[in-house]
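Examination of the molecular architecture
Here is how the chains run, residue by residue.
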Amino acid sequence: MRTDEKRLRTAERPTTRDLPRMSRTRVWLFGSTLAVYVAIVVGVLTTSKLVTLDWQVMLWRPYKQWPQIHAFLDYFVVLGQRGPTAVMVLAWLGWRAWRHRTLHPLLVLGTSLLLLNITVGAVKYGLGRLGPHYATTVGSAEMFAGGDIFPSGHTANAVVTWGVLAYLATTPRARRLGSVVSALLALGVGATTVYLGTHWVSDVLLGWAAGLLILLALPWFEPAMARAEDFLAYVWARMRTGSAEAVLRPEAVSPVLVARRSPAAAQDQDPDAEQEEHAPSRATVGAGARGATAAATATTTTPVAAAPHAPGRPPTGRNERTPLTPVGSRRPPVERPARPTTPLAHQQVRGRGIAG
(Lines give C-alpha, C1' and ligand atoms only; values in the text may rest on other atoms or scores of the structure.)
Protein backbone atom coordinates (compact mmCIF):
# COMPACT_ATOMS: atom_id res chain seq x y z
CA MET A 1 0.00 0.00 0.00
CA ARG A 2 2.82 2.39 0.78
CA THR A 3 4.48 1.51 -2.51
CA ASP A 4 1.27 2.32 -4.40
CA GLU A 5 0.94 5.65 -2.61
CA LYS A 6 4.54 6.55 -3.47
CA ARG A 7 4.00 5.57 -7.11
CA LEU A 8 0.89 7.71 -7.34
CA ARG A 9 2.63 10.72 -5.83
CA THR A 10 5.55 10.29 -8.21
CA ALA A 11 3.19 10.10 -11.18
CA GLU A 12 1.28 13.18 -10.08
CA ARG A 13 4.44 15.30 -9.95
CA PRO A 14 5.94 16.25 -13.32
CA THR A 15 9.26 14.64 -13.96
CA THR A 16 12.28 16.90 -14.18
CA ARG A 17 14.69 16.04 -16.95
CA ASP A 18 17.29 17.84 -19.00
CA LEU A 19 15.43 18.69 -22.19
CA PRO A 20 17.39 19.55 -25.35
CA ARG A 21 17.32 23.26 -26.06
CA MET A 22 17.61 25.26 -29.22
CA SER A 23 21.16 26.57 -29.16
CA ARG A 24 22.32 29.44 -31.31
CA THR A 25 24.09 27.05 -33.66
CA ARG A 26 20.96 24.98 -34.04
CA VAL A 27 18.85 28.07 -34.68
CA TRP A 28 21.36 29.26 -37.28
CA LEU A 29 21.29 25.87 -39.02
CA PHE A 30 17.51 25.86 -38.98
CA GLY A 31 17.35 29.30 -40.54
CA SER A 32 19.90 28.39 -43.22
CA THR A 33 18.08 25.17 -44.10
CA LEU A 34 14.77 27.02 -44.27
CA ALA A 35 16.32 29.52 -46.67
CA VAL A 36 17.56 26.68 -48.89
CA TYR A 37 14.11 25.08 -48.77
CA VAL A 38 12.42 28.28 -49.94
CA ALA A 39 15.07 28.81 -52.63
CA ILE A 40 14.47 25.33 -54.09
CA VAL A 41 10.70 25.86 -54.18
CA VAL A 42 11.09 29.25 -55.83
CA GLY A 43 13.62 27.87 -58.34
CA VAL A 44 11.22 25.14 -59.44
CA LEU A 45 8.22 27.46 -59.59
CA THR A 46 10.10 29.92 -61.78
CA THR A 47 11.48 27.16 -64.05
CA SER A 48 15.05 28.15 -63.36
CA LYS A 49 18.25 26.30 -64.18
CA LEU A 50 17.34 23.84 -61.46
CA VAL A 51 14.52 22.54 -63.66
CA THR A 52 16.94 22.36 -66.57
CA LEU A 53 19.22 20.17 -64.44
CA ASP A 54 16.26 17.94 -63.65
CA TRP A 55 15.59 17.31 -67.31
CA GLN A 56 19.24 16.75 -68.20
CA VAL A 57 19.59 14.03 -65.57
CA MET A 58 16.29 12.45 -66.52
CA LEU A 59 17.13 12.33 -70.25
CA TRP A 60 20.50 10.79 -69.42
CA ARG A 61 18.59 7.85 -67.94
CA PRO A 62 20.88 6.70 -65.14
CA TYR A 63 19.09 3.38 -64.73
CA LYS A 64 20.45 2.38 -68.17
CA GLN A 65 24.03 3.34 -67.37
CA TRP A 66 24.71 0.76 -64.65
CA PRO A 67 22.15 -2.01 -65.04
CA GLN A 68 24.18 -4.41 -62.90
CA ILE A 69 23.33 -2.53 -59.68
CA HIS A 70 19.68 -2.04 -60.49
CA ALA A 71 18.46 -5.09 -58.55
CA PHE A 72 20.43 -4.11 -55.44
CA LEU A 73 19.13 -0.53 -55.51
CA ASP A 74 15.56 -1.79 -55.77
CA TYR A 75 15.98 -3.29 -52.30
CA PHE A 76 18.16 -0.49 -50.94
CA VAL A 77 15.52 2.15 -51.61
CA VAL A 78 13.23 0.39 -49.13
CA LEU A 79 15.35 2.00 -46.38
CA GLY A 80 13.53 5.22 -47.23
CA GLN A 81 10.04 3.76 -47.34
CA ARG A 82 7.79 4.84 -44.47
CA GLY A 83 6.43 1.48 -43.29
CA PRO A 84 9.54 -0.76 -43.15
CA THR A 85 11.81 1.91 -41.68
CA ALA A 86 9.24 2.87 -39.03
CA VAL A 87 8.89 -0.76 -37.94
CA MET A 88 12.66 -1.27 -37.67
CA VAL A 89 13.29 1.94 -35.75
CA LEU A 90 10.22 1.42 -33.59
CA ALA A 91 11.49 -2.00 -32.49
CA TRP A 92 14.81 -0.56 -31.36
CA LEU A 93 13.30 2.48 -29.65
CA GLY A 94 10.63 0.33 -28.01
CA TRP A 95 13.33 -1.83 -26.45
CA ARG A 96 15.14 1.30 -25.25
CA ALA A 97 11.95 2.70 -23.79
CA TRP A 98 11.25 -0.54 -21.91
CA ARG A 99 14.82 -0.79 -20.64
CA HIS A 100 15.05 2.79 -19.40
CA ARG A 101 11.40 2.95 -18.25
CA THR A 102 10.61 6.06 -20.28
CA LEU A 103 8.34 6.86 -23.23
CA HIS A 104 10.58 9.64 -24.51
CA PRO A 105 12.10 7.70 -27.47
CA LEU A 106 8.67 6.62 -28.71
CA LEU A 107 7.27 10.13 -28.32
CA VAL A 108 10.19 11.60 -30.30
CA LEU A 109 9.64 9.14 -33.12
CA GLY A 110 5.89 9.73 -33.16
CA THR A 111 6.28 13.52 -33.11
CA SER A 112 8.84 13.51 -35.92
CA LEU A 113 6.72 11.25 -38.15
CA LEU A 114 3.65 13.38 -37.45
CA LEU A 115 5.50 16.54 -38.45
CA LEU A 116 6.82 14.76 -41.53
CA ASN A 117 3.35 13.71 -42.68
CA ILE A 118 1.90 17.17 -42.13
CA THR A 119 4.62 19.29 -43.70
CA VAL A 120 5.74 17.06 -46.57
CA GLY A 121 2.22 15.88 -47.36
CA ALA A 122 0.84 19.42 -47.49
CA VAL A 123 3.56 20.60 -49.89
CA LYS A 124 3.26 17.47 -52.06
CA TYR A 125 -0.45 17.86 -52.73
CA GLY A 126 -0.32 21.65 -52.72
CA LEU A 127 2.23 21.92 -55.52
CA GLY A 128 1.07 18.82 -57.42
CA ARG A 129 4.22 18.15 -59.43
CA LEU A 130 4.41 15.17 -61.80
CA GLY A 131 7.30 12.70 -61.69
CA PRO A 132 9.82 12.05 -64.50
CA HIS A 133 7.91 9.02 -65.80
CA TYR A 134 4.72 11.09 -66.18
CA ALA A 135 6.21 14.32 -67.57
CA THR A 136 4.41 15.78 -70.55
CA THR A 137 6.49 18.75 -71.77
CA VAL A 138 10.27 18.81 -72.02
CA GLY A 139 11.75 21.66 -69.99
CA SER A 140 8.55 22.22 -68.02
CA ALA A 141 8.43 22.19 -64.21
CA GLU A 142 5.28 20.02 -64.33
CA MET A 143 3.78 21.92 -61.40
CA PHE A 144 0.10 21.96 -60.37
CA ALA A 145 -0.63 18.97 -62.60
CA GLY A 146 -2.13 16.69 -59.96
CA GLY A 147 1.06 14.89 -58.97
CA ASP A 148 2.52 14.18 -55.51
CA ILE A 149 6.26 13.94 -56.11
CA PHE A 150 7.72 17.20 -54.79
CA PRO A 151 9.46 16.92 -52.29
CA SER A 152 10.67 13.33 -52.22
CA GLY A 153 8.92 11.42 -49.45
CA HIS A 154 11.48 8.59 -49.45
CA THR A 155 14.32 11.05 -48.98
CA ALA A 156 12.66 13.07 -46.23
CA ASN A 157 11.60 9.91 -44.43
CA ALA A 158 15.15 8.52 -44.55
CA VAL A 159 16.51 11.75 -43.07
CA VAL A 160 13.96 11.84 -40.25
CA THR A 161 13.70 8.16 -39.34
CA TRP A 162 17.41 7.40 -39.22
CA GLY A 163 18.25 10.87 -37.91
CA VAL A 164 16.05 10.25 -34.84
CA LEU A 165 18.50 7.55 -33.74
CA ALA A 166 21.32 10.08 -33.78
CA TYR A 167 19.11 12.64 -32.03
CA LEU A 168 18.39 10.20 -29.18
CA ALA A 169 22.02 9.09 -28.74
CA THR A 170 23.18 9.42 -25.14
CA THR A 171 26.92 9.95 -25.70
CA PRO A 172 28.76 12.39 -28.02
CA ARG A 173 30.54 9.55 -29.77
CA ALA A 174 27.29 7.68 -30.46
CA ARG A 175 25.71 10.92 -31.66
CA ARG A 176 28.51 11.60 -34.13
CA LEU A 177 28.46 8.02 -35.39
CA GLY A 178 24.68 8.05 -35.72
CA SER A 179 24.76 11.35 -37.58
CA VAL A 180 27.27 10.02 -40.12
CA VAL A 181 25.37 6.75 -40.68
CA SER A 182 21.98 8.46 -41.00
CA ALA A 183 23.44 11.05 -43.41
CA LEU A 184 24.92 8.33 -45.63
CA LEU A 185 21.63 6.41 -45.67
CA ALA A 186 19.65 9.55 -46.52
CA LEU A 187 22.09 10.52 -49.29
CA GLY A 188 22.02 6.97 -50.68
CA VAL A 189 18.22 6.75 -50.68
CA GLY A 190 17.89 10.13 -52.41
CA ALA A 191 20.45 9.27 -55.08
CA THR A 192 18.76 5.89 -55.63
CA THR A 193 15.41 7.50 -56.38
CA VAL A 194 17.10 9.69 -58.99
CA TYR A 195 18.84 6.63 -60.48
CA LEU A 196 15.56 4.69 -60.71
CA GLY A 197 13.90 7.68 -62.38
CA THR A 198 11.12 8.05 -59.78
CA HIS A 199 12.16 11.57 -58.67
CA TRP A 200 13.70 14.72 -60.08
CA VAL A 201 16.95 16.03 -58.62
CA SER A 202 15.10 18.99 -57.14
CA ASP A 203 12.66 16.58 -55.43
CA VAL A 204 15.55 14.93 -53.61
CA LEU A 205 17.14 18.26 -52.66
CA LEU A 206 13.87 19.49 -51.17
CA GLY A 207 13.39 16.16 -49.39
CA TRP A 208 16.77 16.47 -47.68
CA ALA A 209 15.95 20.02 -46.60
CA ALA A 210 12.47 19.04 -45.33
CA GLY A 211 13.79 16.15 -43.23
CA LEU A 212 16.62 18.25 -41.79
CA LEU A 213 14.17 21.00 -40.79
CA ILE A 214 12.13 18.51 -38.79
CA LEU A 215 15.19 17.15 -36.97
CA LEU A 216 16.43 20.64 -36.15
CA ALA A 217 13.00 21.71 -34.86
CA LEU A 218 12.53 18.75 -32.48
CA PRO A 219 13.88 20.57 -29.36
CA TRP A 220 11.01 23.07 -29.66
CA PHE A 221 8.57 20.19 -29.16
CA GLU A 222 10.40 18.65 -26.20
CA PRO A 223 8.32 20.43 -23.49
CA ALA A 224 5.10 19.17 -25.10
CA MET A 225 6.51 15.65 -25.28
CA ALA A 226 7.55 15.82 -21.62
CA ARG A 227 4.03 16.84 -20.59
CA ALA A 228 2.57 14.06 -22.70
CA GLU A 229 4.90 11.53 -21.08
CA ASP A 230 3.96 12.72 -17.58
CA PHE A 231 0.27 12.50 -18.42
CA LEU A 232 0.58 8.99 -19.85
CA ALA A 233 2.61 7.87 -16.83
CA TYR A 234 -0.02 9.32 -14.49
CA VAL A 235 -2.86 7.55 -16.34
CA TRP A 236 -0.95 4.26 -16.33
CA ALA A 237 -0.25 4.55 -12.61
CA ARG A 238 -3.92 5.24 -11.93
CA MET A 239 -4.96 2.22 -13.96
CA ARG A 240 -2.49 -0.09 -12.21
CA THR A 241 -3.17 1.16 -8.66
CA GLY A 242 -6.94 1.41 -8.86
CA SER A 243 -7.49 -1.51 -6.45
CA ALA A 244 -4.80 -0.26 -4.07
CA GLU A 245 -6.44 3.14 -3.95
CA ALA A 246 -9.75 1.51 -3.10
CA VAL A 247 -8.10 -0.25 -0.16
CA LEU A 248 -6.49 2.94 1.04
CA ARG A 249 -9.63 5.04 0.68
CA PRO A 250 -12.75 2.82 0.69
CA GLU A 251 -15.01 5.80 1.35
CA ALA A 252 -14.38 7.07 -2.16
CA VAL A 253 -15.52 3.76 -3.62
CA SER A 254 -18.63 2.87 -1.62
CA PRO A 255 -20.58 5.45 0.42
CA VAL A 256 -22.33 2.60 2.24
CA LEU A 257 -19.11 1.85 4.09
CA VAL A 258 -19.10 5.35 5.50
CA ALA A 259 -22.60 4.92 6.94
CA ARG A 260 -21.69 1.54 8.40
CA ARG A 261 -18.55 2.92 10.00
CA SER A 262 -20.28 5.94 11.59
CA PRO A 263 -20.74 5.84 15.41
CA ALA A 264 -24.55 5.88 15.26
CA ALA A 265 -24.66 3.10 12.71
CA ALA A 266 -22.06 1.11 14.64
CA GLN A 267 -24.19 1.38 17.79
CA ASP A 268 -27.26 0.24 15.85
CA GLN A 269 -25.37 -2.67 14.30
CA ASP A 270 -23.61 -3.73 17.52
CA PRO A 271 -24.72 -7.30 18.34
CA ASP A 272 -23.86 -6.87 22.05
CA ALA A 273 -26.15 -3.88 22.37
CA GLU A 274 -28.92 -5.80 20.64
CA GLN A 275 -28.40 -8.70 23.00
CA GLU A 276 -28.64 -6.41 26.06
CA GLU A 277 -31.76 -4.75 24.67
CA HIS A 278 -33.57 -8.06 24.25
CA ALA A 279 -32.23 -9.60 27.45
CA PRO A 280 -35.51 -9.15 29.48
CA SER A 281 -37.63 -10.89 26.87
CA ARG A 282 -35.19 -13.76 26.67
CA ALA A 283 -35.16 -14.11 30.41
CA THR A 284 -38.95 -14.35 30.61
CA VAL A 285 -39.48 -17.59 28.76
CA GLY A 286 -42.28 -19.97 29.64
CA ALA A 287 -42.31 -22.29 32.62
CA GLY A 288 -39.95 -25.20 32.59
CA ALA A 289 -36.49 -26.14 33.58
CA ARG A 290 -34.82 -24.33 30.68
CA GLY A 291 -36.88 -21.20 31.22
CA ALA A 292 -36.02 -21.10 34.92
CA THR A 293 -32.34 -21.60 34.23
CA ALA A 294 -32.32 -18.80 31.64
CA ALA A 295 -34.18 -16.51 34.05
CA ALA A 296 -31.73 -17.22 36.88
CA THR A 297 -28.77 -16.57 34.58
CA ALA A 298 -30.27 -13.32 33.29
CA THR A 299 -31.04 -12.20 36.85
CA THR A 300 -27.49 -12.72 38.06
CA THR A 301 -25.66 -11.40 35.00
CA THR A 302 -27.77 -8.51 33.69
CA PRO A 303 -29.24 -5.74 35.83
CA VAL A 304 -32.20 -5.37 33.46
CA ALA A 305 -33.60 -8.75 34.57
CA ALA A 306 -35.01 -7.19 37.78
CA ALA A 307 -38.05 -5.93 35.84
CA PRO A 308 -41.35 -7.75 36.60
CA HIS A 309 -42.05 -10.77 34.43
CA ALA A 310 -45.15 -11.09 32.30
CA PRO A 311 -47.38 -14.07 33.19
CA GLY A 312 -46.31 -17.01 31.09
CA ARG A 313 -48.36 -19.71 29.40
CA PRO A 314 -47.99 -23.38 30.28
CA PRO A 315 -46.42 -25.48 27.58
CA THR A 316 -48.74 -27.43 25.37
CA GLY A 317 -48.36 -31.02 24.36
CA ARG A 318 -47.12 -32.07 21.04
CA ASN A 319 -50.50 -33.43 20.03
CA GLU A 320 -52.21 -30.13 20.86
CA ARG A 321 -50.04 -28.00 18.57
CA THR A 322 -51.62 -26.71 15.39
CA PRO A 323 -49.70 -27.41 12.20
CA LEU A 324 -48.84 -24.24 10.29
CA THR A 325 -49.02 -23.76 6.56
CA PRO A 326 -47.76 -20.91 4.39
CA VAL A 327 -51.28 -19.40 4.50
CA GLY A 328 -51.82 -19.78 8.25
CA SER A 329 -53.36 -22.26 10.67
CA ARG A 330 -55.83 -24.90 9.52
CA ARG A 331 -57.80 -24.87 12.81
CA PRO A 332 -59.86 -21.93 13.99
CA PRO A 333 -58.39 -20.08 16.96
CA VAL A 334 -59.67 -21.34 20.34
CA GLU A 335 -59.71 -19.12 23.39
CA ARG A 336 -58.32 -20.81 26.49
CA PRO A 337 -58.46 -19.31 29.95
CA ALA A 338 -55.14 -18.17 31.27
CA ARG A 339 -53.85 -20.09 34.29
CA PRO A 340 -52.45 -18.15 37.21
CA THR A 341 -48.76 -18.65 37.71
CA THR A 342 -46.47 -17.80 40.57
CA PRO A 343 -43.35 -15.64 40.17
CA LEU A 344 -40.36 -17.59 38.94
CA ALA A 345 -38.29 -16.42 41.84
CA HIS A 346 -40.30 -18.66 44.30
CA GLN A 347 -40.22 -21.78 42.14
CA GLN A 348 -37.87 -24.70 42.64
CA VAL A 349 -36.62 -26.86 39.85
CA ARG A 350 -37.03 -30.60 40.40
CA GLY A 351 -36.02 -32.67 37.45
CA ARG A 352 -38.20 -31.74 34.48
CA GLY A 353 -41.20 -30.50 36.50
CA ILE A 354 -41.87 -27.44 38.68
CA ALA A 355 -43.03 -27.74 42.29
CA GLY A 356 -44.47 -24.87 44.38
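I will try to describe carefully the structure that is included in this document. (Residues numbered from 1 in each chain as written. Predicted model: local features only at pLDDT ≥ 70, side-chain atom pairs only at ≥ 80, totals over all residues. Heavy atoms only, no water.)

A word on unusual backbone geometry
Let me state the cut-off plainly: Numbered from the N terminus, helices here are DSSP runs of H or I no shorter than four residues, and strands are runs of E no shorter than two.
Each neighbour pair has its own omega, and for Phe150 with Pro151 the value is 5°, a cis peptide bond. Within the fold, Pro151 resides in the loop between α6 (104-127) and α7 (153-167). Here Thr47, not a glycine, exhibits a phi torsion of approximately 55°, which is positive.

Digging into the environment of Leu45
Here is the rule: Burial classes follow relative accessibility: with a 1.4 Å probe on protein chains only, a residue under 20% of its type's maximum area counts as buried, one over 50% as exposed, and anything between as partly exposed. In this description, contact between two residues means that some pair of their heavy atoms is separated by no more than 4.5 Å.
In this fold, Leu45 is placed in helix α2 (residues 24-45). Overall, the relative accessible area of 41% leaves Leu45 in the partly exposed class. For the pair Leu45 and Phe144, spaced 99 residues apart in the sequence, the C-alpha separation amounts to 9.8 Å. The residues contacting Leu45, other than those within four sequence positions of it, are Leu127, Met143 and Phe144.

With respect to the packing of α7 against helix α9 (residues 201-217)
Using the following cut-off: All axes are obtained by fitting lines to C-alpha atoms, using only the stretch in contact for helices, and the reported angles, taken between N-to-C directions, cover 0 to 180 degrees. Relative orientations are named as follows: roughly parallel for angles under 35 degrees, roughly antiparallel for angles over 145 degrees, roughly perpendicular for angles from 65 to 115 degrees, and oblique for any other angle. When the near helix sits turned anticlockwise from the far one by under a right angle, the crossing is termed left-handed; a clockwise turn instead gives a right-handed crossing. For this classification, Asp, Glu, Lys and Arg are treated as charged, while Ala, Val, Leu, Ile, Met, Phe, Trp, Tyr, Cys and Pro are nonpolar and the rest, including Gly, are polar.
Direction vectors running N to C along α7 and α9 enclose 30°, while the axes themselves pass 7 Å from each other. When the axis of α7 is compared with that of α9, the two are roughly parallel. Crossing of α7 over α9 shows right-handed handedness. Each of Thr155, Ala156, Val159, Val160, Gly163 and Val164 in α7 lies in contact with α9, whose residues at this interface are Val204, Gly207, Trp208, Gly211, Leu212, Ile214 and Leu215. Class assignment for the residues of the contact of α7 with α9 results in nine nonpolar, four polar and no charged.

Description of the nonpolar core
Our working rule: By nonpolar core is meant a set of buried Ala, Val, Leu, Ile, Met, Phe, Trp, Tyr and Cys residues that side-chain atoms within 4.5 Å join together.
Membership of the largest hydrophobic core comes to 51 residues, with the highest contact counts inside it found for Tyr37, Val44, Val108, Leu116, Phe150 and Val164. Among the secondary structure elements, those contributing two or more residues to this core are α2, α3 (49-60), α4 (70-76), α5 (82-100), α6, α7, α8 (172-196) and α9. In contact with Tyr37, not counting residues within four places along its chain, are Val123, Leu206, Ala209, Ala210 and Leu213.

Examining α8
Stated precisely, the cut-off is as follows: By definition here, a helix of n residues has an expected span of 1.5 Å times n minus one.
Look at α8: 36 Å from first C-alpha to last across 25 residues, which is about the 36 Å you get at 1.5 Å a residue. Of the residues making up α8, those classed as buried are Gly178, Ser182, Leu185, Ala186, Val189, Gly190, Thr192, Thr193, Val194, Tyr195 and Leu196. Along its buried surface, α8 packs onto α3, α4, α7 and α9.

Honestly, it's all geometry; don't read function into it.
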